[in-house]
Amino acid sequence: MHRPAPTHPLVTPEPRHPSGQRLLPLGALAAGFGLFNVAALAQVAPAAPAAPAAPASAASAAKGATAKDGTVLQTISVNAKVETDQNSVRATTSTVGRGNQELRDIPQSVTVITEKLMEDRRVDTVKEALHYTAGISFQAAEGGEEDIRLRGFSLTASGDIFVDGVRDTAFYERDVFNFDRIEVLRGSASMLFGRGSTGGVVNQVSKAPLLTNISEVSTSVGSGRYLRLTGDFNLKTSETSALRLNAMTNNADNHGNKIDKFGVAPTFRWGIGTADEFSVGYYYLENDNGVNYGIPWLRENDSGGIGATNPGGLVKIDPKNYYGAASDYSAGYASYGTAHYTHRFQDGGEWHTVLRSGGYDRDQRASTIRFCVRTTNAQTGVVTNPDCPTVAPTQSTLTDATPLTRGTNNKVQDLAATYLQTDYTNKFVWFGRKNEILTGIDAAREEFNNYNMVLPTGVVLNKNDPRTTIGTPNDGTSVDEGLRTKVKTRNFVAKALGVYAQDLLEIAPTWKLLAGLRWDKFSGDYVSPPAGANPELSRSRSDSLWSSRFGAIWQPSETSSWYASYGTSFNTSGELYNYDAQGSNTPPEKSRNIEVGTKQDLFDGRVSARVALFHSTKYNERNRDSPDGQPLEFYVLSGKRHAAGIELDLAGRITPAWEMFLSYAFIPIAKIDEVGPGGTLTGELEGQRPSMTPRHSGTVFTSYQVTPAIRVGGGLNFRSSQTPNRNPPGIVAPSFVTGDLLAEYAFNPQIAFKLNVINVTNKLYADSLYTGHYIPGQPRTVYATMTARF
């Protein structure tokens, strides 16, 4: 994907190398490799680590000096070095609220994963980055697409992934090579973004051209024959214009689950810092990766069949084992262009407009892995899987010889999307009170096509010859997927229009009130082409809804902010680009989020801390699991559920040499309050805890500058036990803790080496969960990265 200048470009001086040369913020560029960031290098070599940056507002006045001729020289104000995403795991501002705002002025939970943190934690993809913040869990959906859960509520399925504030709904593996940071806004956000989930949104912030000449190239090698090359090239073309090009290529055997992708993202920006600023850019990412569909849950024993007294857990295998076919793949591309315009008025107001249009293609050929069991049709006597045992294995009977079967799950889709957003921001005094207003309009058109992959008559593709077993992962079995023919099964056109306004009003020197209101109209048109004797089928639905956002902020000092907020959101029936008979007649889900919290600066402003208490409720929740006696795909309004808990973030430098990032979520209360009129669900039942809502989750990472050239660090990641859902009952993903290590050495300010070890103990754990299977988390992986700047 491309990225133009940020929606609200910063016109502040770029950070500088000790030599005086401007430094280029090298975004997640080598993100995945824990590549050195420029500012960090400037701090660690060759000089001793620099003291952490003071807030931008802090300045020290240099006393007037006397020249040799007796003249008193003018007093000069010297600003402290500004803290940036490139030299700190701490962020003080965010663009997730449609404008560059101080985090202390946002009455809602926001976690920022900076470039420095992504580099230190060796992040390649957005999913990897989200592992390093609390309250996040992952669903391995039946179609192979993984859903992201925040506070237990869906994000991906409801389109709550954004790039620079513009919706990014397509299913694809998002690489961070062109991103500076990842922002996570927690809680209802429809007033800002339109249709959206209860959990919040994830915003990917792209790299923008800067007025400097500097480049960075990184090479990373690692376990599983891993090789990744990234380049970040910034060219100042005039006093007010610049060109930036980010590129990436990544290949790995990955123990059978291959990685093969590349991306390029050029952006040209001109009029920087002037009244009229423009940027145009293009983003392209192509994936031809493997797809790990996971492995089935394993019952403790075979007594009583399925039931809560017969718990299920993990198959004890090496985490790196891959049981898919060698011909399985997840291919596709994301390709879009973006044009951005900012006009700055003399009174301080800014008018921002962004237009993005692009296409996304997905072609997934996956193997559903299950235990192989021999069955006999009672009527015909036909035997299926005659080479397999008659009962499924248990934890006591599983051996390396236990056979597996590979089913087929293909997903072929494409999406064309166009988005237009324009908004106006300004600060002014109205009736003697300071106001910060935001108002705007956004519009979207998305056209989605889904296809079945059909084999010619008489052609069979057998992924089970030879039969694979627990002891023979990555056995090389392959079929010719090119024999399948693509047949369109549905077309869905979604149109959305939103109008919004918000005001942050200062009612007293230490008190601010926030109020926002938005109106949305969403319409969807579904068409299923005729197939055989089945005629064309079409369904439509249109909804208009209001969303609101209110907050109160008390700021008794520059380092302390307390807030309370209320927000609403909604999810339409067509968010997955599909209408069945029930869905097209189902009104939107509605949600609300109530939150109180505080944001504090500690250790002389070097560390930022956030604590929030939240209560999120979703009404009219749809459920695709069928009620007893009802056909599959019958929408159930499961009524209502809620989650409540506490979140804690801490980020910054405890001392000039010791840096820490901590993110923790405790959700002790989560409950299905009501089920819908369809009756008892075979999935989540009334009174039960919702699936994929762990009580405890989080991460902590710390690093220490041992010498001017050497830095070491490490981190822990943890998640308490959770369930994939309640059907079948008894399945539980155990709690886990994994550890990571970091060591880096700066030869000089231009060349650096970094070593990362992920999951140092090779812990086996269930990372993404679904009813019939789970996907293990990343095995022990070692990465070595060399970075050069010139």
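Analysis parameters
- Residues numbered from 1 in each chain as written.
- Predicted model: local features only at pLDDT ≥ 70, side-chain atom pairs only at ≥ 80, totals over all residues.
- Heavy atoms only, no water.
- Salt bridge = Lys/Arg side-chain N within 4 Å of Asp/Glu carboxyl O.
- Buried < 20%, exposed > 50% of the residue type's maximum accessible area, 1.4 Å probe, protein only.
- Phe/Tyr/Trp six-rings, centres within 6.5 Å; stacked < 30°, edge-to-face > 60°.
- Lys NZ or Arg CZ within 6 Å of the ring centre and 35° of its normal.
- 1 Å grid on protein atoms, 1.4 Å probe; cavity = no way out; pocket = protein on both sides within 12 Å on 5 of 7 lines; lining within 4 Å.
- Points joined across faces, edges and corners; volume = space filled by probe spheres on them.
- Helix = DSSP H or I, 4+ residues; strand = E, 2+ residues; numbered from the N terminus.
- Nonpolar A, V, L, I, M, F, W, Y, C, P; charged D, E, K, R; others polar.
- Contact = heavy atoms within 4.5 Å.
- Pairing = 2+ DSSP bridges.
- Disulfide = S-S within 2.5 Å.
- Core = buried A, V, L, I, M, F, W, Y, C linked by side-chain atoms within 4.5 Å.
- Patch = residues over 30% accessible without salt bridge, like charges linked within 9 Å, V, L, I, M, F, W, Y side chains within 5 Å.
- Areas by Shrake-Rupley, 256 points an atom, 1.4 Å probe, with all protein chains shown as cover.

Draft legend 1. Focus on the pattern of salt bridges. Applying the stated criterion across every chain, the model contains 47 salt bridges. The salt bridge partner of R149 is D147, with a shortest N-O separation of 3.3 Å. Each member of the pair, R149 together with D147, is buried. When salt bridges that share partners are traced, they join R122, D124, E173, D175, R228 and K261 into one network.

Draft legend 2. Region of interest: the packing of aromatic side chains. Within the structure shown, the criterion is met by 23 aromatic pairs. A network of ring pairs unites the aromatic residues Y172, F177, Y283, Y336 and Y360 as a single cluster. Here the basic side chain of K127 rests over the ring of F138, its NZ or CZ set 5.2 Å away from the ring centre. One residue, K486, lies across the ring of Y451, its end atom 4.5 Å from the ring centre.

Draft legend 3. Molecular detail of empty space enclosed by the protein. The tally for this structure, following the rule as stated, stands at nine cavities of 30 Å³ or more. Of the voids in this model, the second largest cavity is the one considered here, and its volume is about 190 Å³. Of all elements in the fold, only β27 (409-430), β28 (433-454), β29 (485-508) and β30 (511-528) reach the threshold of two or more residues within the lining of the second largest cavity. A total of four residues in the lining of the second largest cavity trace back to one element, the largest contributor, which is β30. Grouping the constituent residues of the lining of the second largest cavity by class yields nine nonpolar, four polar and seven charged.

Draft legend 4. Fine view of the side chain of T405. Here T405 shows up in strand β26 (residues 404-406). Sequence-distant contacts of T405, defined by excluding residues within four places in its chain, comprise T368, I369, R370, F371, C372, N464 and R467.

Draft legend 5. Spatial organisation of the sheet that holds strand β11 (residues 179-186). As summarised here, the arrangement of the five strands in space is β5-β11-β12-β9-β10, forming an open sheet in which the pairing is mixed. Sheet topology places β5 (110-113) and β10 (166-167) at the edges, where each strand pairs with a single neighbour.

Draft legend 6. Local environment of the state of the cysteines. All told, the structure shown has one disulfide when counted by the stated rule. Note that C372 is cross-linked by a disulfide to C388, the S-S spacing being 1.9 Å. Classification of the bridge connecting C372 and C388 rests on its S-S torsion, roughly 85°, and on that basis the disulfide is right-handed. In this pair, C372 sits in the loop between β23 (369-371) and β24 (375-376) while C388 sits in the loop between β25 (383-384) and β26, placing the two residues 16 residues apart along the sequence.

Draft legend 7. Spotlight on the environment of V487. Its location among the elements puts V487 in strand β29. Using a relative accessible area of 38% as the deciding quantity, one classes V487 as partly exposed. Expressed as a C-alpha distance, the spacing of V487 and V412, which sit 75 residues apart in the sequence, is 9.6 Å. With near-sequence residues (within four places) excluded, V487 lies in contact with N450, Y451, N452 and V454.

Draft legend 8. Looking closely at the sheet that holds strand β7 (residues 146-150). The strand order across the open sheet built from six strands is β8-β7-β6-β43-β44-β18, with neighbouring strands paired in mixed fashion. At either margin of the open sheet sits one strand with a lone partner, and together these are β8 (153-154) and β18 (295-296). Here three bridges tie strand β43 (residues 766-769) to strand β44 (residues 773-776), and the two strands are oriented antiparallel to one another. Paired with A766 across the strands is P776, a residue of β44.

Draft legend 9. Spotlight on the nonpolar core. Counting residues in each nonpolar core, the largest one holds 47 residues, and the members touching the most others are L130, I182 and Y360. Counting residues in each nonpolar core, the second largest holds 19 residues, with W297, L398, I470 and I731 among its members.

Draft legend 10. The pairing of strand β15 (residues 241-252), seen in detail. Two strands pair when backbone bridges link them, and strand β14 (residues 226-238) and β15 are joined in this way by eleven bridges, in the antiparallel orientation. Bridge pairing in β15 places K236 opposite A242. Hairpin connection of β14 to β15: two residues between the antiparallel strands. The antiparallel pairing of β15 with strand β16 (residues 259-270) creates a hairpin that spans six residues between the two strands, and N254 there sits at a positive phi of about 55°.

Draft legend 11. Broad picture of the pairing of strand β32 (residues 560-571). Of all twelve residues that make up β32, nine are buried, and the element is covered over most of its length. Alignment of strand β31 (residues 537-557) against β32, held across seven bridges, turns out to be antiparallel. Within β32, the position partnered with F550 by the bridge is Y566. Linking β31 to β32, which pair antiparallel, is a turn of two residues. When β32 meets strand β33 (residues 589-602), the two strands line up antiparallel, connected through twelve bridges. Considered in β33, the bridge of S560 is made with Q600.

Draft legend 12. Examining a nonpolar patch on the surface more closely. Residues W658, Y704, V706, I710, V712, Y745, F747, I751 and M786 make up a contiguous nonpolar surface patch of about 770 Å² in total accessible area. The set of elements that each furnish at least two residues to the nonpolar patch consists of β40 (710-719) and β41 (736-748). By secondary structure assignment, the location of V712 is in strand β40.

Draft legend 13. Layout of the environment of G159. Summarising the element assignment, G159 is placed in the loop between β8 and β9 (161-163). If we skip the residues at most four places from it in the chain, G159 touches R167 and T169.

Draft legend 14. Highlighting unusual backbone geometry. Between D465 and P466 the backbone carries a cis peptide bond, its omega angle lying at 5°. Here P466 shows up in the loop between β28 and β29. In this model, H255 sits at a positive phi of 60°, which is unusual for a non-glycine residue. Tracing the backbone through its elements, the reader meets H255 in the loop between β15 and β16. Exposure remark for H255: the relative accessible area of 24% places this residue in the partly exposed category. In the Ramachandran plot, N385 falls in the positive-phi region, its phi being about 55° despite a non-glycine side chain. Examined against the element boundaries, N385 turns out to sit in the loop between β25 and β26.

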